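Here's the letter readout for the chains.
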Amino acid sequence: MGSSGLFPVRRIYCIGRNFAAHAIEMGHDPDREPPFFFQKNPDSVLLPGRDLPYPPGTASLHHEVELVVALASGGRDIPEAGALERVFGYAVGLDMTRRDLQAEAKKAARPWEIGKSFEHSAPVGEIVPAAVSGHPMRGGIRALVNGSQRQEGDLAQMIWKVPEIIAHLSRYFELAAGDLIFAGTPAGVGDVRRGDRIRAEVDGLPALEVTVV
């Protein structure tokens, strides 16, 4: 925190439907679903202070505010009890989604990449080392658009907690330093347009502000 250094991103993992209210909002039953993930490309990251170009091919660009977990180390088959030892720090992020294209892919039982993994689709705020922030387990998470609150929840409402997410991912992937994990979004996702200003917040972390252009 307060450093001008950059975090070298290796991979980006995103957990789907990790807040019950958002799962219901998207038409799913949160009580019956094991965790699932999709990936974004490392060059999808949008650094703090940069504008977000409205992506091509969509008429429905949605904001999803998320807690971002940055790993300092990784491995395979990481036990939950040791998972937080792998964390470098935390940030606020936005999983920007071409919702109309994602919906078309879902309907056709196709992968989500076209709706999720595009240029600038992963704005990430300043990463705060866990030695400074601690490991956020509860606290408000929210998104505002042009000053009007759209999303609101609490990290305590996450279905799968950070240690569980890390442990589960490591059963299928070899995690490593530089990996980012987007830990899920609360209900209230919605459209943004050119000229809109998004403010993403997680209590205890620097807010992320992005203007859509």
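1. Structural notes on the sheet that holds strand β10 (residues 140-145)
In spatial order, the strands read β11-β10-β14-β15; together these four strands make up an open sheet with antiparallel pairing. In the strand order of this sheet, the two ends are held by β11 (148-154) and β15 (208-211), each with one partner. Pairs of neighbouring strands in the sheet enclose a mean axial angle of 10 degrees, with direction left out of account. Two elements, β10 and strand β14 (residues 197-202), share five bridges in a ladder whose sense is antiparallel. Bridge assignment links Arg142 to a residue of β14, and that residue is Glu201.

2. A few points about the environment of Lys40
Its location among the elements puts Lys40 in strand β2 (residues 37-40). Using a relative accessible area of 1% as the deciding quantity, one classes Lys40 as buried. C-alpha of Lys40 to C-alpha of Ile12: the two residues are 28 residues apart in sequence and 5.3 Å apart in space. Within the local environment of Lys40, its side chain forms a polar contact with the side chain of Asp95, the two groups lying 2.9 Å apart. Of the polar contacts made by the side chain of Lys40, one reaches the backbone oxygen of Lys116; its length is 2.5 Å.

Reading the values: the criteria
Residues numbered from 1 in each chain as written. Predicted model: local features only at pLDDT ≥ 70, side-chain atom pairs only at ≥ 80, totals over all residues. Heavy atoms only, no water. Pairing = 2+ DSSP bridges. Helix = DSSP H or I, 4+ residues; strand = E, 2+ residues; numbered from the N terminus. Axes fitted to C-alpha atoms, helices over the stretch in contact; angles between N-to-C directions. Buried < 20%, exposed > 50% of the residue type's maximum accessible area, 1.4 Å probe, protein only. Polar contact = N/O pair within 3.5 Å; in protein donor to acceptor, adjacent residues only side chain to side chain.

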